[in-house]
Amino acid sequence: MDLYFPIAEMSINVLLLLALGGGVGMLSGMFGVGGGFLMTPLLIFIGVPPAVAVGTEANQVVAASVSGALAHWRRGNVDFKMGFILLIGGFVGSSFGVWIFTKLRALGYIDIVISLCFVTFLGIVGGLMVAEGARSWIRSRSPGSAPKKKLHQHTWMHGLPFKMRFRRSKLYISALLPLSIGIFVGVLSAIMGVGGGFIMVPAMIYLLGMPTSVVVGTSLFQIIFVTANVTFLQSVNNQTVDVLLALVLVVSSVVGAQIGTAFGSKLKSEQLRALLGILVLAVGCKVGFDLIVTPAHLFSFAVSGGH
Amino acid sequence: MTSIKRLLSAFLMVPFAPASALASALVVDLSSNQIEITTNFTGTNLLLFGAIDRKGDVVVVVRGPRRTEVVRRKERVAGIWINRAAVTFESVPGYNFVASSRPLEQIASEETLQRLQIGSERLRLQPVGSANSALASSFRKGLIDLKKRKALYTDMPGNVSIRSEKLFRADLNFPSNVPTGSYTAEIYHFDGGKPASVNRTQLSVQKAGVEEAIYNYAHDHSAIYGIVAILIALFAGWLGGVIFRKA
């Protein structure tokens, strides 16, 4: 059954979309990841124009983050003060990101930049996940050799000005740190159509030193607003948000996430995390391969002036 | 069944049509003058039919809305393929469909075909500005090839069937990626290599229903569209959470 999507201006098989949305939703339920970093490249693979894939995915991530953020908020796992600082950075970064996006689109470079961002970040994140999975697998085979980590390390980052106290995270650090992380992830969110949790979460743990209990909730909290900002600005500047496509993906991924959550609690997480890492790497390799392989047609056209 | 009725009436009109010494009487009609792109649109066919009053060849040319298009060519830079050179062409038909009763070359001289721009390869596409002519011609060829691959430009020799040297019909194919706007169908009756008569008819391709509403809203009220998109997502996310928390 094919459905014509008004902004993507193409008809896509709905069953294929439901399978993709459901599959990525399952993974996000299992691992607590947003799934945008897999969904955007998958949409591009099935022929959705990259700019539309990015705008639409940002819209879908808003929906995906809301239910997760609400659940964490109810359990008190959101550091609102930290969230607001990240959010300020996120607004600045994502607004700047959409501005760059619009410029690059006019020049005809947006597709390549989207692909390069995905190759880079899927490669890094997938690689780290596989390495982490392998390390914990080795560790589990030779017990007693777990490396001891210092609870709190002092680095140059602790010498920065504008120190603030974050009670919920038990931190006293410079506001510039979360602000700059927010800006960086905001730019990526705008260009790649992702929530950016896959960068935000490790950055919060390793760079800021936040306790893991509040990391996911706080990240989801700020992702809602940053992706909402991206959705709004992409709609205004580029008209690349397809609400119909987003809705199909939202419905399928919400259902998939519930199945994934139920599954995830029964399975061993280390091996699964390594498997997800392999999947992420595979998608990254496919994006990279498409950049290197000689294209079937060298020419492309775009209507200028438009509407 | 209306198309059969129309075909019949088209046929019956022929004897009453005034025929001048040179011009032939050419009557045509389309099974529909409007293509609506709705939610389940996957491309469509229209039937074009008509009658000629003496033997000859029939050529059907359907052209879509003309737009300015930027054509870009990828080049390998540091191992990856990137859009580099660009040439802008003015008034490029978004759709160009040519059907004929015989191969075009057998119907009329190259000069005539060029003059009437019949056949995708004969479209006059003007580059904007002072583009290098060799570059412009390679980009023009690239654009036409690409449009053919996307089924937006089609040449179908033999796709017009003529019966008893009088009635003719042709199937016009519109793919799912057909651009919206107003289209012109030109029907030529060639007699002895010369266009004896030409008839024009208009048709339009439009998004309809939900498709039209969403597309127009996204372009005409983009700020409200963005806010509504966010509200729908917030509501859907919240609803999903509520439904599955209770289940």
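Predicted model, so just to flag it, every value in this text is computed and none were measured. Each residue is numbered by its place in its chain's sequence as written, counting from 1. Labels are handed out in written order, letters beginning with A for the chains and numbers beginning with 1 for the ligands. The predicted origin of the model limits local features to residues at a pLDDT of at least 70 and limits the giving and counting of side-chain atom pairs to 80 or more, whereas totals for whole chains, interfaces and linings rest on all residues.

### Overview of the overall build of chain A
Put simply, the rule reads: A run of H or I in DSSP counts as a helix once it spans at least four residues, and a run of E counts as a strand once it spans at least two, with each numbered from the N terminus. Each radius of gyration reported is based on C-alpha atoms, and the globular scaling rule is 2.2 Å times the count of residues to the power 0.38. Residues are called buried when their C-beta atom has 20 or more other C-beta atoms within 10 Å, exposed when it has 12 or fewer, and partly exposed otherwise; all C-beta atoms are positioned from the backbone. Residue pairs qualify as contacts under a 7 Å threshold applied to their C-beta atoms, which are placed from the backbone.
Check the secondary structure of chain A and you find ten helices and five strands. For 307 residues, the compact-globule formula gives about 19 Å, and the C-alpha radius of gyration of chain A, at 20 Å, lands near that figure. Projected onto its principal axes, the C-alpha positions of chain A cover 60 × 45 × 40 Å. When the 307 residues of chain A are sorted by exposure, 51% land in the buried category. Summarising the internal contacts of chain A: among those between residues at least 6 apart in sequence, 81% fall at separations of at least 24.

### What to know about the domain arrangement of chain B
Residues and elements named next belong to chain B. Heads up, the rule is: The source of the domain bounds is an automatic or database domain assignment. Only Asp, Glu, Lys and Arg are considered charged, only Ala, Val, Leu, Ile, Met, Phe, Trp, Tyr, Cys and Pro nonpolar, and every remaining residue, Gly among them, polar.
For chain B, the domain assignment lists domain 1 (2–207) and domain 2 (208–247). Mapped onto the side of domain 1 that touches domain 2, the elements with two or more residues apiece are β2 (34–37) and β13 (194–207). Its residues assigned to classes, the side of domain 1 that touches domain 2 shows one nonpolar, three polar and two charged.

### Notes on the sheet that holds strand β4 (residues 57–63) of chain B
Residues and elements named next belong to chain B. The cut-off we apply is this: A pair of strands counts as paired when DSSP detects no fewer than two bridges linking them. Fitted lines through C-alpha atoms give the axes, limited to the stretch in contact for helices. The angle between two N-to-C directions lies from 0 to 180 degrees.
The mixed open sheet is built from six strands, whose spatial order is β2-β13-β12-β4-β7-β9. The open sheet is flanked by β2 and β9 (153–157), the only strands paired with a single partner. The sheet shows a mean angle of 15° between the axes of neighbouring strands, direction not considered.

### Some points on the environment of A:G264
All names here are of chain A. Assignment of secondary structure puts G264 in helix α9 (residues 243–264). Looking at G264, the number of C-beta atoms within 10 Å reads 18, which means it is partly exposed. The spatial distance from the C-alpha of G264 to the C-alpha of M30 is 4.3 Å, given a sequence separation of 234 residues. Residues in contact with G264, not counting those within four places in the same chain, are G29, M30 and F31.

### Here's the deal with the packing of helix α3 (residues 50–74) of chain A against α9(A)
Residues and elements named next belong to chain A. The following threshold applies: By convention the crossing between two helices is left-handed if the near helix lies anticlockwise of the far one by an angle smaller than a right angle, and right-handed if it lies clockwise.
Close contact between α3 and α9 brings their axes to 9 Å; oriented N to C, the two are set at 40°. Classified by chirality, the crossing of α9 by α3 is right-handed. Of the residues in α9, those in contact with T56, N59, Q60, A63 and A64 of α3 are V243, L245, A246, L249, V250 and S253. Across the contact of α3 with α9, the residue classes break down as seven nonpolar, four polar and no charged.

### Examining the nonpolar core
As a reminder of what qualifies: We define the nonpolar core as any set of buried residues of the types Ala, Val, Leu, Ile, Met, Phe, Trp, Tyr and Cys, connected via C-beta atoms lying within 7 Å of each other.
Counting 148 residues, the largest nonpolar core has A:I224, B:L48, B:V59 and B:V60 as the members making the most contacts within it. It is helix α8 (residues 212–238) of chain A that contributes the most residues to this core, 13 residues altogether.

### A look at unusual backbone geometry
With the exception of glycine, the majority of residues adopt a negative phi angle, and the majority of peptide bonds are in the trans configuration. Phi angles above zero are rare outside glycine, and A:E9 is one such case at about 55°. On the secondary structure map, A:E9 appears in the loop between β1 (2–5) and β2 (10–13). On the neighbour-count criterion, A:E9 (20 C-beta atoms within 10 Å) is buried. Phi angles above zero are rare outside glycine, and B:Q117 is one such case at about 55°. With respect to the element layout, B:Q117 can be found in the loop between α3 (110–116) and β8 (126–127). When the 18 C-beta atoms within 10 Å are taken as the criterion, B:Q117 is described as partly exposed.

### Some details on the sheet that holds strand β1 (residues 26–30) of chain B
All names here are of chain B. Ordered in space as β1-β3-β11-β10, the four strands form an open sheet in which the pairing is antiparallel. What marks the edges here is a single partner per strand, and that holds for β1 and β10 (160–163). Within the sheet, the average angular offset between the axes of one strand and its neighbour, ignoring direction, is 20°. Two elements, β1 and strand β3 (residues 44–52), share five bridges in a ladder whose sense is antiparallel. The residue of β3 that forms the bridge with D29 is F49.

### Concerning helix α6 (residues 176–192) of chain A
Residue and element names in this part refer to chain A. The condition is simple: To estimate the expected span of a helix, subtract one from its residue number and multiply by 1.5 Å.
Between its first and last C-alpha atoms α6 spans 24 Å; for 17 residues at 1.5 Å apiece the expected length is 24 Å, and the two agree. Burial analysis of α6 places twelve of its 17 residues in the buried class, which makes it a mostly covered element. Every buried residue of α6 is accounted for by L177, P178, I181, G182, V185, G186, V187, L188, S189, A190, I191 and M192. Following α6 by one or two positions, G193 has its phi on the positive side, about 65°.

### So, the interface of chain B and chain A
The partner chain A presents 47 residues to the 48 residues of chain B that form the contact. When grouped by side-chain class, the residues that make up the side of chain B that touches chain A number 24 nonpolar, 16 polar and eight charged. Relative to strand β5 (residues 66–77) of chain B, strand β5 (residues 299–303) of chain A runs antiparallel, the two being bridged by five bridges. Paired with A:A302 across the two strands is B:V70, which belongs to β5(B).

### Details of the pairing of β5(B)
Residue and element names in this part refer to chain B. Bridge count for β5 against strand β6 (residues 80–93) is ten bridges, and the pairing is antiparallel. Of the residues in β6, the one forming a bridge with R67 is V92. Hairpin connection from β5 to β6: two residues lie between these consecutive antiparallel strands, with A78 at a positive phi of about 50°.

### Section: the environment of B:T42
Turning to its location among the elements, B:T42 is positioned in the loop between β2 and β3. For B:T42, a count of 12 C-beta atoms within 10 Å puts it in the exposed group. Separated by 134 residues in sequence, B:T42 and B:S176 place their C-alpha atoms 4.7 Å apart. Setting aside its immediate chain neighbours within four residues, B:T42 contacts A:D2, A:S11 and B:S176.

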